[in-house]
Amino acid sequence: MNDLLDPLLLSRWQFGLTTIYHFLFVPLTIGLALTAALFQTAWVRTNKEKYLQLTKFFGKIFLINFAMGVVTGIVQEFQFGMNWSDYSRFVGDVFGAPLALEGLLAFFLEATFIGLWIFGWDRLPKKLHLATIWITAVASILSAYFIIAANAFMQNPVGYDINQAKGRAELTDIWALLTNKVALAAFPHTIFACFMVSAALIISAAAWHLLRKQHVDVMRPALKFGLWMMVIAGALTILSGDQLGLAMVQTQPMKMAAAEALYNTATGANASFSLFTLGTPDGVSELFSIRIPYLLSFLSTHTLDGTVEGINDLQAQYRQTYGPGDYTPIIWVTYWAFRYMILFGVLSILTAVAGLWFTRKGREPKRWMWKVAIWAVPLPLAAMIVGWVFTEMGRQPWIVFSLLKTSDAVSPNTTGLEVLISLIAFTLIYGILAVVEFKLVKKAVQKGPDEPPKADELTGEVTHEATVY
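All of these numbers come straight from a predicted model, not from anything done at the bench.

Colleague: Help me get a handle on the overall build of the protein chain, residues and values and all.
Modeller: Scanning the protein chain from N- to C-terminus turns up 15 helices and 8 strands. Taking 2.2 N^0.38 as the reference for a compact globule, 469 residues should give roughly 23 Å; the C-alpha atoms of the protein chain span a radius of gyration of 24 Å, in line with that estimate. With respect to the principal axes defined by its C-alpha atoms, the protein chain has extents near 85 × 50 × 45 Å. For the protein chain, the proportion of its 469 residues judged to be buried stands at 49%. Pairs at least 24 residues apart make up 79% of the contacts formed inside the protein chain by residues separated by at least 6 positions.

Colleague: I'd love a proper account of helix H11 (residues 311-322), names of residues and values included.
Modeller: Side chains of residues three or four places apart in an α-helix project in the same direction, reflecting 3.6 residues per turn. Counted at 1.5 Å a residue, the expected span for H11 with its 12 residues is 16 Å, and the 16 Å between its end C-alpha atoms agrees. In this structure, the buried residues of H11 make contact with helix H9 (253-260) and helix H12 (331-358). Immediately downstream of H11, the backbone of Gly-323 shows phi near 100°, a positive value.

Colleague: A description of the layout of surface pockets should follow, citing residues and the corresponding values.
Modeller: There is about 1000 Å³ of room inside the second largest pocket. Along its surface, the second largest pocket is lined by 42 residues, and His-189, Thr-237, Gly-241, Phe-338 and Met-341 are the ones closest to its centre. Those elements that provide at least two residues to the lining of the second largest pocket are helix H5 (126-155), helix H7 (181-211), helix H8 (216-251), H9, strand S4 (273-279), helix H10 (295-301), H12 and helix H14 (379-393). Per element, the largest residue contribution to the lining of the second largest pocket is 10 residues, and it comes from H8.

Colleague: So what's going on with the nonpolar core? Which residues, and what values?
Modeller: Within the largest apolar cluster, 68 residues are counted, with the highest numbers of intra-cluster contacts made by Phe-58 and Ile-61. Ranked by residue count, the leading element in this core is H7, at 17 residues. Residues Trp-84, Phe-95, Ile-399 and Leu-404 belong to the second largest nonpolar core, which totals 18 residues.

Colleague: Tell me about a nonpolar patch on the surface, residues and numbers included.
Modeller: There is a patch of nonpolar side chains on the surface, built from Tyr-340, Ile-342, Leu-343, Val-346, Leu-347 and Leu-350 and spanning about 490 Å² of accessible area. Take Tyr-340: it is sitting in helix H12. Given a relative accessible area of 39%, Tyr-340 falls into the partly exposed group.

Colleague: Tell me about the pairing of strand S2 (residues 168-171), residues and numbers included.
Modeller: Both strand S1 (residues 160-163) and S2 contribute to a ladder of 4 bridges, which runs antiparallel. Across the sheet, residue Asp-161 finds its bridge partner in S2, namely Glu-170.

Colleague: Please give an account of the side chain of Ser-204 that cites residues and values.
Modeller: Locating Ser-204 in the fold gives a position in helix H7. On the basis of relative accessibility, which here comes to 10%, the residue Ser-204 falls in the buried class. At a separation of 3.0 Å, a polar atom in the side chain of Ser-204 contacts the main-chain carbonyl oxygen of Ile-374. In this structure Ser-204 touches Ala-373, Ile-374 and Val-377, once residues within four positions along its chain are discounted.

Colleague: Residues and numbers for empty space enclosed by the protein, please.
Modeller: Throughout the structure, instances matching the rule amount to 3 cavities of 30 Å³ or more. Estimates place the volume of the largest cavity at around 70 Å³. Element by element, the count of residues in the lining of the largest cavity is highest for H12, at 3 residues. Classifying every residue of the lining of the largest cavity by side-chain character gives 9 nonpolar, 2 polar and no charged.

Colleague: Just give me the short version of the side chain of Gln-315, but keep the residues and values in it.
Modeller: By the secondary structure assignment, Gln-315 is in helix H11. A polar side-chain atom of Gln-315 sits 2.9 Å from the main-chain amide nitrogen of Tyr-327. Not counting residues within four places of it along the chain, the set of residues in contact with Gln-315 comprises Met-254, Gly-325, Asp-326, Tyr-327 and Thr-328.

Colleague: Could you give me a rundown of the packing of aromatic side chains, with the residues and numbers involved?
Modeller: Two aromatic rings are characterised by how far apart their centres lie and by the angle between their planes. Per the counting criterion, the structure on display carries 23 aromatic pairs. Residues Tyr-335 and Trp-336 carry aromatic rings whose centres are separated by 5.0 Å and whose planes lie at 85° to one another, so their mutual orientation is edge-to-face. The exposure class of Trp-336 is partly exposed, given its relative accessible area of 25%. Three or more aromatic residues link up through ring pairs in this structure, and these residues are Tyr-318, Tyr-322, Tyr-327, Trp-398 and Phe-401. Just above the ring of Trp-121 sits the side chain of Lys-56; from NZ or CZ to the centre is 4.5 Å. Sitting over the ring of Tyr-335, Arg-339 keeps its end group 3.6 Å from the ring centre.

Colleague: Requested: an account of the packing of H5 against H14, with residues and values cited.
Modeller: The N-to-C vectors of H5 and H14 enclose an angle of 40°; their axes lie 10 Å apart at closest approach. For the element pair H5 / H14, the angle class is oblique. Here Asn-151, Met-154 and Gln-155 of H5 lie close against H14, whose contacting residues are Trp-388, Thr-391 and Glu-392. A class-by-class count of the residues in the contact of H5 with H14 yields 2 nonpolar, 3 polar and 1 charged.

Colleague: Summarise the pattern of salt bridges; cite the residues concerned and give the values.
Modeller: A side chain of one charge can pair with a side chain of the opposite charge when the charged atoms of the two come close. Scanning all chains against the criterion turns up 3 salt bridges. Glu-260 serves as the salt-bridge partner of Arg-339, at 2.5 Å between the closest nitrogen and oxygen. Here Glu-260 lies in helix H9 and Arg-339 lies in helix H12, a separation of 79 residues in the sequence. With a relative accessible area of 2%, Glu-260 lands in the buried category. Measuring nitrogen to oxygen at the nearest pair gives 2.8 Å for the salt bridge that ties Arg-395 to Glu-392. The class of Arg-395 is buried, set by a relative accessible area of 3%.

Colleague: Hey, could you go over unusual backbone geometry for me, with residue numbers and the actual values?
Modeller: At the junction of Gln-396 and Pro-397, the peptide bond is cis and its omega measures out at 15° in the coordinates. In this structure, Pro-397 sits in the loop between H14 and strand S7 (398-400). Phi is positive for Asp-122, close to 65°, though the residue is something other than glycine. One can find Asp-122 in the loop between helix H4 (85-119) and H5. Positioned with a positive phi, His-302 is a non-glycine residue whose angle comes to about 60°.

Rules and cut-offs
- Residues numbered from 1 in each chain as written.
- Predicted model: local features only at pLDDT ≥ 70, side-chain atom pairs only at ≥ 80, totals over all residues.
- Heavy atoms only, no water.
- Helix = DSSP H or I, 4+ residues; strand = E, 2+ residues; numbered from the N terminus.
- Rg over C-alpha atoms; globule rule 2.2 N^0.38 Å.
- Buried < 20%, exposed > 50% of the residue type's maximum accessible area, 1.4 Å probe, protein only.
- Contact = heavy atoms within 4.5 Å.
- Expected span 1.5 Å × (residues − 1).
- 1 Å grid on protein atoms, 1.4 Å probe; cavity = no way out; pocket = protein on both sides within 12 Å on 5 of 7 lines; lining within 4 Å.
- Points joined across faces, edges and corners; volume = space filled by probe spheres on them.
- Core = buried A, V, L, I, M, F, W, Y, C linked by side-chain atoms within 4.5 Å.
- Patch = residues over 30% accessible without salt bridge, like charges linked within 9 Å, V, L, I, M, F, W, Y side chains within 5 Å.
- Areas by Shrake-Rupley, 256 points an atom, 1.4 Å probe, with all protein chains shown as cover.
- Salt bridge = Lys/Arg side-chain N within 4 Å of Asp/Glu carboxyl O.
- Pairing = 2+ DSSP bridges.
- Polar contact = N/O pair within 3.5 Å; in protein donor to acceptor, adjacent residues only side chain to side chain.
- Nonpolar A, V, L, I, M, F, W, Y, C, P; charged D, E, K, R; others polar.
- Phe/Tyr/Trp six-rings, centres within 6.5 Å; stacked < 30°, edge-to-face > 60°.
- Lys NZ or Arg CZ within 6 Å of the ring centre and 35° of its normal.
- Axes fitted to C-alpha atoms, helices over the stretch in contact; angles between N-to-C directions.
- Parallel < 35°, antiparallel > 145°, perpendicular 65-115°, else oblique.

Structure follows, in structure tokens:
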């Protein structure tokens with residue numbers, strides 16, 4: 001019973017669940033802001049009504065996600081003070097800087113210009129109104145960068161000194177913090193993955209209507225846009241992921257070893273990448289494995305004869321450096337999370353490639369193909385979620401790598417029962433919000449784009465009324 005009421009365990013579950021739930025909205029917010037900006041740009045340049053319809057259609061879904069993201073993000077940040085006060089005390093001086101920039105600069109810009117975009121239809125000049133959604137899109141991406149920079153400090157601490165008297169890390173170089181090699185590598189990988197998530201929604205929404213022969217003139221260009229967005233963003237996600245892998249090997253070699261369940265240091269052909277493995281969790285015996293020789297070496301060093309350090313050797317090194325303890329993450333979690341991330345991402349790209357092939361030259365796919373496009377919508381989002389699970393679980397037992405262990409970061413005066421009660425409450429509230437979010441998005445998607453405005457019978461002028469979201 002005591003293990004079930006362990007404040008550390010429950011606090012980790014609570015932060016993990018609330019973070020994953022909050023992250024359901026982040027990729028769509030980032031990707032759909034850019035989508036709305038691109039479609040509105042097409043409308044301003046061509047004056048074609050279908051692009052205006054698509055702007056407002058995907059803009060409505062964007063605003064639903066933005067609102068839900070704000071609510072869940074606020075609750076998530078409360079946990080730093082409630083459940084992780086020792087962590088907040090230790091890194092607050094460092095962690096607070098990028099979070100302040102995110103809130104006071106990026107989020108302020110985003111929220112302000114969202115308001116101008118919503119209420120600026122027919123009140124602002126056409127190009128000025130277009131600028132508001134572009135500023136919103138840029139601000140949402142900038143917001144993501146500051147959050148990633150804060151997280152990168154947990155992966156690779158830079159730009160700080162330890163104040164021994166106060167027992168905390170203090171910021172000494174904000175530029176080093178913002179240009180952390182992990183942040184520079186993780187940022188494009190994350191943003192391109194967000195575009196994949198948005199592309200999946202665009203594809204699914206277009207496929208739903210095209211299957212029913214609805215809004216064909218509007219949804220065909222939306223489908224083509226979504227398919228190309230998925231393929232291009234997917235390719236860029238893979239390329240940026242390669243760079244992130246190199247940064248990971250340099251800063252957290254244990255995470256790469258855990259991703260492959262590589263217990264003994266290997267070189268060249270022996271540093272292989274396994275597509276699938278059955279074996280004991282301690283790596284003593286391997287029952288079955290499908291392996292690609294040299295691939296792990298190439299991914300880790302960009303050479304075929306590079307050396308990849310194993311878990312056992314790194315564990316011995318960390319004990320000498322940091323003292324007694326187990327510095328190995330949960331291997332089965334990191335191993336399979338890494339592979340599911342790749343699997344879901346690749347399936348998303350292949351689905352889009354197939355979609356481009358089957359719809360080429362105006363061809364009409366079979367009914368089951370439309371259904372595949374509709375139901376493939378969760379794949380890139382699932383890839384992002386398990387990718388973050390890998391990122392955070394692979395860092396364990398550290399909450400700030402090499403500086404602070406997760407077990408030393410939890411609030412000392414918080415009881416397991418208190419965390420359990422709040423965990424249950426948050427789960428119930430988030431469950432209700434999830435149903436509300438799903439129904440709102442589903443209703444917006446199934447309703448489809450609004451019909452284009454009609455010209456006034458007397459004047460012949462077309463008025464685009466402000467959209468009420």
